[in-house]
Amino acid sequence: MNSKILKRSSINYDKNHSINISETIFPDEICKQCGRCCIVHAYEDYEGEKMNVVYCKHLNLETKRCNIYKERFHNEKGCLSMMEAILVKALPKDCPYVAHVEHYQEPKIYEKIRNSKKDLRTINEE
């Protein structure tokens, strides 16, 4: 009996490859530095009157810039490449990276954040 042994290979996700492709397709110059892609959590208070937005601890809330931008993927495990952020629908619909993407649906929380600007409490995650 002549049987061939097939080599198995699996498709592995390579974060560095995703980052490199993202940087090519989605250049930094497009970013308006609103800081919304750095939202870690957003939730309403118990009365539903105030939105609480928790930002990544590396985001400077005044400048809306990342303090570790160049090393963000190596130093912050949860930081998404732009490609990943688009695929998981983590960006607001008016983000320049997705503003022209047909059928893009933002997370519902962004509408609540926009509607509660005056009652928005921002928090840096420690």
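Before reading on, note that the structure itself is shown above.
Keep in mind the model is a prediction, meaning the values are calculated, not measured.

What counts, and where the lines are drawn
- Residues numbered from 1 in each chain as written.
- Predicted model: local features only at pLDDT ≥ 70, side-chain atom pairs only at ≥ 80, totals over all residues.
- Heavy atoms only, no water.
- Salt bridge = Lys/Arg side-chain N within 4 Å of Asp/Glu carboxyl O.
- Helix = DSSP H or I, 4+ residues; strand = E, 2+ residues; numbered from the N terminus.
- Buried < 20%, exposed > 50% of the residue type's maximum accessible area, 1.4 Å probe, protein only.
- Pairing = 2+ DSSP bridges.

Side note on the pattern of salt bridges
- Evaluated as defined, the whole model comprises four salt bridges.
- Among the salt bridges present, the one from E44 reaches K112, with a minimum N-O distance of 3.2 Å. Note that E44 is positioned in strand β1 (residues 39-44) and K112 in helix α4 (residues 109-115), a separation of 68 residues in sequence.
- Taking relative accessible area as the criterion, E44 reaches 37% and is therefore assigned partly exposed.
- K112 gets classed as partly exposed once you look at its relative accessible area, which sits at 38%.

With respect to the pairing of strand β2 (residues 51-55)
- Among the five residues of β2, five are classified as buried, and the element is accordingly described as predominantly covered.
- What you see with β2 is no split at all: M51, V53 and Y55 on one side and N52 and V54 on the other are buried throughout.
- Here five bridges tie β1 to β2, and the two strands are oriented antiparallel to one another. Paired with E44 across the two strands is M51, which belongs to β2.

Overview of the environment of C34
- When you line up the elements, C34 lands in the loop between α1 (15-25) and β1.
- Residue C34 is classed as partly exposed on the basis of its relative accessible area, which comes to 33%.
- Put simply, C34 and T63 are 29 residues apart on the chain and 8.9 Å apart in space, counted from C-alpha to C-alpha.

Honestly, it's all geometry; don't read function into it.
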